[in-house]
Amino acid sequence: MASDRDGEDPAQYSSPPCFMHELDPEFRTPLTEWTDVRRWRKAERERLIAARLAVSADARTAMSQRIAEGLDALIGDIAGRLVSLYWPFRGEPDLRPWMVSINERGGRTALPVVIEKGQPLVFRAYVPGDRLEKGVWNIPIPAEGDPVLPAIVISPIVGIDPRNYRLGYGGGFFDRTLAAMPFKPLVIGVGYELQRIATIYPQPHDIPMDQVVTATARI
């Protein structure tokens, strides 16, 4: 009878309700509040950047070359197409040699420029050798030029989840830029295998990559 246990310690069950956090090292309690997600993203961002910087420069160079080869295989004929790349920052894949090759093969290239905090980026045409100046975080940007609209946007990732949602640097520039463009470009994230994570806890404003290219795989 139930009354037989009244006043006694709680019953001991053969299987606790949830010990997934002990059984699966990847298990984490889902985050629902934006303040918690933002705090988690900040910590994860710092961890992933540190891991990226711990890779030797020679290894990053070799992986960057394989990423460039993967991009060529994905995009195909580059002639007549405008591609936005980026200036490498804090251990990101260095695709500047690939930028040179795009122009040699009849394509065109551009770089993103931060105009104002909280606003979309603009893209300016850039050919290796054009004059540069220091932008946000001292990252070089084209010193002059009218805005252009790339057909292909190459975006470095800090982290990437299985649904191609990208963890970036937290400024929100990338998502604002894609949302503001008059047409949808082909968006390709690039990074290293060590940057794969289970989730970024995507929010309504997050926009996934169309494709992701690493040194060993294309998603």
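In case you missed it, the structure is sitting above this.
Everything in this summary refers to the structure shown in the same document. (Residues numbered from 1 in each chain as written. Predicted model: local features only at pLDDT ≥ 70, side-chain atom pairs only at ≥ 80, totals over all residues. Heavy atoms only, no water.)

Overview of the packing of aromatic side chains
Heads up, the condition is: Two aromatic rings from Phe, Tyr or Trp, using only the six-membered ring of Trp, form a pair when their centres are within 6.5 Å; if the ring planes differ by under 30 degrees the pair is stacked, by over 60 it is edge-to-face, and anything between is tilted. To qualify as a helix, a DSSP run of H or I must reach at least 4 residues; to qualify as a strand, a run of E must reach at least 2; elements of each kind are numbered from the N terminus. A 1.4 Å probe rolled over the protein chains alone gives each residue an accessible area, and that area as a share of the maximum for its type sets the label: buried under 20%, exposed over 50%, partly exposed in between.
For the structure shown, the criterion picks out five aromatic pairs. Ring geometry for Phe89 versus Tyr169: centroids 5.7 Å apart, planes at 65°, classification edge-to-face. Highlighted residues: Phe89 in the loop between strand 1 (82-84) and helix 4 (96-104) and Tyr169 in the loop between strand 9 (166-167) and helix 5 (173-180), separated in sequence by 80 residues. Using a relative accessible area of 23% as the deciding quantity, one classes Tyr169 as partly exposed. On the basis of an interplanar angle of 50° and a centroid distance of 6.2 Å, the ring pair of Trp137 and Tyr169 is categorised as tilted. Remark: Tyr169 occurs in the loop between strand 9 and helix 5 and Trp137 occurs in the loop between strand 4 (132-134) and strand 5 (140-142); sequence separation between them is 32 residues.

Thoughts on the environment of Pro93
This is how the line gets drawn: Contacts are assigned to residue pairs with any non-hydrogen atoms lying within 4.5 Å of each other.
Looking at the element boundaries, Pro93 is found in the loop between strand 1 and helix 4. Measuring from C-alpha to C-alpha, the distance between Pro93 and Val190 comes to 7.4 Å, with 97 residues separating the pair along the chain. Other than its neighbours up to four places away in sequence, Pro93 contacts Ser64, Ile67, Tyr86, Pro88, Gly191 and Tyr192.

A word on the sheet that holds strand 3 (residues 122-125)
Strand-to-strand pairing in sheets goes through backbone hydrogen bonds, with the strands running parallel or antiparallel. Note the threshold: One bridge is not enough; two strands pair if DSSP finds at least two bridges between them.
The strand order across the open sheet built from seven strands is 6-3-2-1-7-10-11, with neighbouring strands paired in mixed fashion. At either end of the open sheet lies a strand with only one pairing partner, and these are strand 6 (147-148) and strand 11 (211-213). As paired elements, strand 3 and strand 6 share two bridges and run antiparallel to each other. Across the sheet, the residue bridging to Phe123 is Val148, located in strand 6.

With respect to the pattern of salt bridges
The test is simple: Whenever Lys or Arg places a side-chain nitrogen within 4 Å of a carboxyl oxygen from Asp or Glu, that contact is recorded as a salt bridge.
Using the criterion set out here, one finds nine salt bridges in the structure. Measuring nitrogen to oxygen at the nearest pair gives 2.7 Å for the salt bridge that ties Arg47 to Glu44. Of this pair, Arg47 and Glu44 both sit in helix 2 (residues 34-53), three residues apart, which is roughly one turn of that helix. Here Glu44 falls in the buried class, since its relative accessible area comes to 11%.

Focus on the layout of surface pockets
So the rule is basically this: Throughout, the protein atoms alone are placed on a 1 Å grid, and a set of points is a cavity if a 1.4 Å probe fits but cannot get out or a pocket if it is open with protein on both sides within 12 Å along at least five of seven lines; lining residues have an atom within 4 Å of a point. Grid points are joined across faces, edges and corners, and a volume is the space filled by probe spheres set on the points. Under this grouping Gly is polar, as are all residues other than the nonpolar Ala, Val, Leu, Ile, Met, Phe, Trp, Tyr, Cys and Pro and the charged Asp, Glu, Lys and Arg.
A volume near 1100 Å³ is recorded for the largest pocket. Taken together, 45 residues line the largest pocket, and the ones lying closest to its centre are Arg166, Tyr169, Gly171, Phe173 and Phe174. Elements with a contribution of two residues or more to the lining of the largest pocket: helix 2, strand 2 (108-113), strand 5, strand 7 (152-156), strand 9 and helix 5. The element best represented in the lining of the largest pocket is helix 5, accounting for six residues. Its residues assigned to classes, the lining of the largest pocket shows 25 nonpolar, 10 polar and 10 charged. In this structure, the second largest pocket encloses a volume near 290 Å³. Lining the second largest pocket are 20 residues, with Thr61, Ser64, Asp94, Leu95 and Pro97 sitting closest to its centre. The element best represented in the lining of the second largest pocket is helix 3 (residues 57-75), accounting for eight residues. Each residue belonging to the lining of the second largest pocket can be placed in one class, and the counts come to nine nonpolar, five polar and six charged.

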